[in-house]
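As a plain string of letters, each chain reads:
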Amino acid sequence: MSAPGPDAPTPLTPLPQARRRRRSPLPVVLGVAALVGLTATIAFGNLNRSLEYFVTPSEYQQQEAELQGRPVRIGGLVKAAKYDPQTLDLRFTVTDGSASFPVQYRGAVTDLFKENQGVVVRGEFQGETFHATDLVVKHSEEYNVPKTQAELKDMIKSAD
């Protein structure tokens, strides 16, 4: 065999495999932890300020120091309601039988609102008076479709 000539290609030797640079997982872990911490701070940091408690008048009386100045929902029965349709001013007392509070509300009132009817009011206490921003009236859960014209007329008369 003869020696390779000057024009003959030299045999290629394989290059050593490149070393892969291992990245540290620390920046990714810190980034995820920061996002979780930021989300938790936003979600739960303001949660206490936005909580709205539902209480009865007697429960509010017991927890007055804790609930003072916070938005509250009070539920009970309507007593001594006075409504002026011209000014839309409504004044009534909400009671649960053992405690009562005067309530002021300004706005339209549904026909379902009447004495001895269940009501939930949302708002805040200002002094001894509850200033309501929302009024939710409980209504009967049963609905009977009138079967005859006479029943329909009776139902209309009783609604007036």
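Calculation criteria
Residues numbered from 1 in each chain as written. Predicted model: local features only at pLDDT ≥ 70, side-chain atom pairs only at ≥ 80, totals over all residues. Heavy atoms only, no water. Phe/Tyr/Trp six-rings, centres within 6.5 Å; stacked < 30°, edge-to-face > 60°. Helix = DSSP H or I, 4+ residues; strand = E, 2+ residues; numbered from the N terminus. Buried < 20%, exposed > 50% of the residue type's maximum accessible area, 1.4 Å probe, protein only. Salt bridge = Lys/Arg side-chain N within 4 Å of Asp/Glu carboxyl O. Expected span 1.5 Å × (residues − 1). Pairing = 2+ DSSP bridges.

**Student:** Can you break down the packing of aromatic side chains residue by residue, with the values?
**Tutor:** By convention here, two paired aromatic rings are described through the distance between centres and the angle between planes. Scanning the model with the defined rule gives five aromatic pairs in all. Summarising the aromatic geometry, the rings of Phe-101 and Phe-125 are spaced 4.8 Å apart at their centres and angled 70° between planes, so their arrangement reads as edge-to-face. Linking Phe-101 in strand 4 (residues 100–106) with Phe-125 in strand 5 (residues 118–126), this pair joins segments that are 24 residues apart in sequence. In this structure, Phe-101 and Phe-125 share a single accessibility class: buried. Here the aromatic rings of Phe-125 and Phe-130 are separated by 5.0 Å at their centres, their planes lie at 70°, and the arrangement is edge-to-face. With relative accessibility at 1%, the residue Phe-130 sits in the buried group. Members of the aromatic cluster, each reached through a chain of ring pairs, are Tyr-60, Phe-101, Phe-125 and Phe-130.

**Student:** Explain the pattern of salt bridges residue by residue, including any values.
**Tutor:** Overall, the coordinates contain two salt bridges when judged by the stated rule. One salt bridge connects Arg-106 with Asp-89, and the closest N-O pair in it is separated by 3.5 Å. Taken together, the residues span a long stretch of sequence, with Arg-106 in strand 4 and Asp-89 in strand 3 (residues 89–95) at a distance of 17 residues. Since its relative accessible area comes to 58%, Arg-106 is described here as exposed.

**Student:** Run through helix 1 (residues 26–45), naming residues and quoting values.
**Tutor:** Counted at 1.5 Å a residue, the expected span for helix 1 with its 20 residues is 28 Å, and the 27 Å between its end C-alpha atoms agrees. In terms of burial, helix 1 is a largely surface element, zero of the 20 residues being buried.

**Student:** Could you give an account of the pairing of strand 5, with specific residues and numbers?
**Tutor:** Here strand 2 (residues 72–84) pairs with strand 5 via six bridges, running antiparallel. Within strand 5, the position partnered with Arg-73 by the bridge is Arg-122. Taken together, the eight bridges between strand 5 and strand 6 (residues 129–137) define a ladder with antiparallel strand orientation. Bridge pairing in strand 6 links Arg-122 to Asp-134. Counted along the chain from strand 5 to the antiparallel partner strand 6, the turn is two residues long, and its residue Gly-127 has a positive phi close to 75°.

On their own, these measurements won't tell you what the molecule is for.
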